[in-house]
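Per-entry structural report
What follows is each chain in one-letter form.
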Amino acid sequence: MDHNNLRFLFLTLCVILILPSVHFEYQIGKSPCEIKRAYNPTYRKEGDLVLGGFFSLLQKTEYKVQKKDFKFFPTLTSADPGLVSENYQPFFAFQFAVNEINKNPHLLSNITLGYQVVSNFQNNQLAVESSIIWMAGKGPIILNYDCSEQSNSVAVIGGTTSAQSISMATILNLYKVPQINYGPFDLLLTDKLQYPYIYQMGSKDSTLHLAFVQMMLHFGWTWVGLILADNIRGESFFRDLQAEMARNSLCVGFMEIISSTFDLYSGEKYSILSRTIASSSNVIFTYGDSDFLQHLLVTLVDYILYGKVLVTTFSWEFFSDQQLEEVNNLHGTIILSPPQKEIPGFIDFVESLNQSVMSENIFLKQFWESVFTCKFSANNNFDMFIPICQEGLSLADVQAPDFNLITRELSLNVYSAVYGVACALHELLQSEVRETSELAKSPGLSYKLHHFLKHKDPVSSARDELCGDPFTEAVETYEILNFKSFPDDIVTLVKVGEFIPHGAGFRINQESIEWPGDFSQTPIAMCTPSCGPGFKKTIRENQPICCFDCDLCPEGHISNQTDAEQCLQCPEHQYPSKDKDRCLDKTVTFLAYEEPLGMTLAWAALCFSLLTALLLGVFVKHRDTPIVKANNRSLSYILLISLILCFLCSLLFIGHPNSATCLLRQTTFAVVFTVAIASILAKTITVVLAFRATQPGSTLQRWLSPKASYSLIAICSLIQICLCVIWLGTYPPFPEMDNHSESGFIIIQCNEGSILAFYCVLGYMALLALGSFTLAFLARNLPDTFNEAKFLTFSMLVFCSVWISFLPTYQSTKGKAMVAVEIFSILASSAGILAFIFAPKCYVILLRPDRNTLEMLKKKAYIS
């Protein structure tokens, strides 16, 4: 059995199995291959080549008629020309494009393009029948494809939905007829194994998810809701959107998938919207085809989304078709819509259609009668109530929603599809060596056309390009619209921005946007508030990345942006600001003479040293008085001189530290203080021995000589000097910059180098002081006349108290305070020695000279 017989058998089965189910009446014609349908709405305009136009111009209606002979009410189905007005504009664009091409001498020259228009009745089963009608080339249904005298049909433009396109492909695929779908793009039709001859004109929405994400980023919406259509297109869009949101750290707060079989009158509608309102997402993004959006709009008429902002993808013409009461609830909605485009000359063409043109075309005739509520002629008794159509009427006088002249996306797709096919035919005819007229009549022209359509892919052809360059898919751009509703049912769409991928990007005028009444400012859509500068995000366990806690940056770190994931550490020479949002340059500091603390300590050191020098002068002036002689004046001179140096060595700790001062300050202090403590130790030993060596010839008397005291001082000082030399030879002190002790400051200070050596030096001085204190304490009860043991005891008590307090205080302070503590300890301990040892003697020398006599001292000793 050859291919023709197989096709004949298949078409016969279609008539037997499919066509009776659509409830139309059929009859066998004169020819055995001809079956006529009782009502056959089709219009054909002859040409050398014929395009098929499948449009849902009429709708299939059902109504019941009561008859006395019936015990039930039979359902009668007819092709009642109930108008689907929005589908007529694509039909007009189809006619306009064909007329333009026939007038163009550079496109399909010497070829006239004709067309045949068939109505699908918005019914998938009738789409199969329409395909058979078109294949016949005439109104009656021809079962065998070659019953017609000449087959000059080349391509079909039709199908607003994938279901319609699939139904049409049932017949058209058998003949390899190019079928161009002008409805929304559907991934189901991209399967070239099942649908190798279907081409799609609709936008793929391949960049819409990018526009959604850019809007989320612009407004800071990180926690959004999604309402999507339950179909392949919705699933594909969600995959792309989810991946892009993940790349930009955006989260889906909730998601509702609404099926195409969603019952508007069931409780499920209110359940879905209740969950939407109760969700924590304040911004809801929706995506779906026109039917889905229509369902959603009808739902929102009765159920307002309080506290929510809707972002959707309605087109310009969608709102022009709706009743005002249906869209008032959408005030403040943000809409991403393809740019509104115009077909040059198309509006003038539509407005030029007159009554004579309409009467020739069955579809235009019914459209005219429906729009103007009139009849061209009275055919039955019912028509007598309808007025006859008057002459001079124009479609320019028709107001929306009966007919709207806003160019629809479907109309643009149809217009581009006609030009795409025409350009492919033009190249096909030019590629053959035969005459154009002969080639147009050659069999298999439709199949040859696929090669050129596949290379051109007529997704978005432009008339201005003609056929000079292959058709390329245009970059999908979107206008950002704000829907505004005003009193007295006044509504408008205002363009507030645009999205151009891979170019200018996302632009929006935020000041022009009016949000829903629940929002006085830009809505916030976040799981948790943003972390400001100075904080970092810490993701909550088992939570989306948009739900986090804000933790303060640790010490020495900052964050200078919102929602920082990590804090940045400031450089060594900088420190964090109070709010930890920026790094500030640290102030270089040290204990300077110019600041109050340094100035006070310096003046104290100078004053004490001057006072000590004055006391030394008093002692030198009264060196021959009994009180000076009685207390070993040579040791007193050494002690006073060492105290002067002790006071003055504290000045080494003030000022900008350098290598010299760092080497000298601690070692000088240690040696000078050792000399002072050794002098006190020598004085104490002298006092004790003076009372133990009273017997003549005692061996202890030789230790009372000045040489013994000098030797003791020299030995003690030499040991300290050795310790200092070892210190300086191993790990000496050095200047350093301390960046961490005080926030905001770089402290220039002396590092002690070897801490062990430093504390050995202090420990040695403490050992000498403890020895002096012990001996003086034991000698405190000796005769008072020649004895200064009590004063030595008190001076050593003060000295030890000061340096015992110094150790914990020194360890707990940093920077300038640590230096000030050591200076204070030096001054306080030196001043204690000066006060308790020499103040009583100066009192007697200067204020009570009557007591500074040998008789008075002997008398006092006798009394004691």
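This text goes with the structure placed above it.
Some thoughts on the overall build of the chain
Scanning the chain from N- to C-terminus turns up 25 helices and 28 strands. In the chain, which comprises 864 residues, the share counted as buried stands at 49%. Long-range pairs, those at least 24 residues apart, make up 69% of the contacts in the chain between residues at least 6 apart in sequence.

Here we look at helix α14 (residues 409-431)
With 23 residues, α14 ought to run about 33 Å at 1.5 Å a step, and its terminal C-alpha atoms sit 33 Å apart, in line with that. Where burial is concerned, most of α14 is hidden: 18 out of the 23 residues are buried.

Overview of the sheet that holds strand β27 (residues 734-738)
Read across the open sheet, the three strands follow the order β26-β28-β27; overall the sheet is mixed. Looking at strand neighbours, the two that pair on one side only are β26 (587-589) and β27, the edges of this open sheet. Direction aside, neighbouring strands of the sheet carry axes that sit 25° apart on average. With three bridges connecting them, β26 and strand β28 (residues 745-751) associate as parallel partners. Within β28, the position partnered with T589 by the bridge is I747.

Some thoughts on the pattern of salt bridges
This structure, assessed with the given rule, holds 11 salt bridges. For R275, the salt bridge goes to E256, with nearest N and O atoms at 2.7 Å. Here R275, found in helix α7 (residues 267-278), pairs with E256, found in strand β13 (residues 251-258); they are 19 residues apart in sequence, far enough to count as distant. Residue classification places R275 among the partly exposed residues on the basis of a relative accessible area of 41%. Exposure remark for E256: the relative accessible area of 9% places this residue in the buried category. The salt bridge involving R540 is made with D549; its shortest N-O contact spans 3.1 Å. Residue classification places R540 among the partly exposed residues on the basis of a relative accessible area of 33%. Classification of D549 as partly exposed rests on a relative accessible area of 35%. Salt bridges here are not isolated pairs; linked through shared partners, they connect E479, K495, E498 and R507.

Here we look at the sheet that holds strand β4 (residues 49-55)
The pairing of strands in a sheet happens through backbone hydrogen bonds and is either parallel or antiparallel. The mixed open sheet is built from six strands, whose spatial order is β3-β7-β4-β9-β10-β11. Strands at the two margins of the open sheet, each flanked by one partner only, are β3 (42-45) and β11 (198-200). Here the strands of the sheet are splayed against their neighbours by 20° on average, with no regard to which way each runs. Across five bridges, the pairing between β4 and strand β9 (residues 153-158) is parallel. Looking at the pairing, G52 lines up with V156 of β9. Across the sheet, helix α13 (residues 362-372) lies against β3 and β7 (113-119), angled at about 125° from β3, the strand it touches most.

Digging into a nonpolar patch on the surface
There is a patch of nonpolar side chains on the surface, built from M599, W603, L606, I641, L645 and L648 and spanning about 560 Å² of accessible area. The set of elements that each furnish at least two residues to the nonpolar patch consists of α17 (596-621) and α19 (633-649). When you line up the elements, L606 lands in helix α17. Classification of L606 by relative accessible area gives partly exposed; the value is 39%.

Conventions we followed
For every chain, the first residue of the written sequence is number 1, and numbering continues from 1 onward in sequence order. At least 70 in pLDDT is required for a residue's local features to be given in this predicted model, at least 80 for side-chain atom pairs to be given and counted, and no such filter applies to totals for whole chains, interfaces and linings, which use all residues. Water and hydrogen atoms were dropped before computing side-chain values, which therefore reflect all heavy atoms in the structure. Helix and strand definitions here come from DSSP, where helices need a minimum of 4 consecutive H or I residues and strands a minimum of 2 consecutive E residues; each element is numbered from the N-terminal end. When a residue's accessible area, from a 1.4 Å probe over protein chains only, is under 20% of the maximum for its type it is buried; when over 50% it is exposed; and in between it is partly exposed. Should any heavy atoms of two residues lie within 4.5 Å, those residues are considered in contact. The span expected for a helix works out to 1.5 Å for each residue beyond the first. A pair of strands is labelled paired if DSSP reports no fewer than 2 bridges between them. Axis angles are defined between N-to-C directions and span 0 to 180 degrees, where every axis is a line fitted to C-alpha atoms and, for a helix, only to the segment in contact. In the sections that follow, a salt bridge refers to a side-chain nitrogen of Lys or Arg positioned within 4 Å of a carboxyl oxygen of Asp or Glu. What goes into a patch is any residue over 30% in relative accessible area without a salt bridge, connected to like charges within 9 Å or, for nonpolar side chains (Val, Leu, Ile, Met, Phe, Trp, Tyr), within 5 Å. Here the open area of atoms and residues is found with the Shrake-Rupley method and a 1.4 Å probe, where only the protein chains shown may cover a residue.

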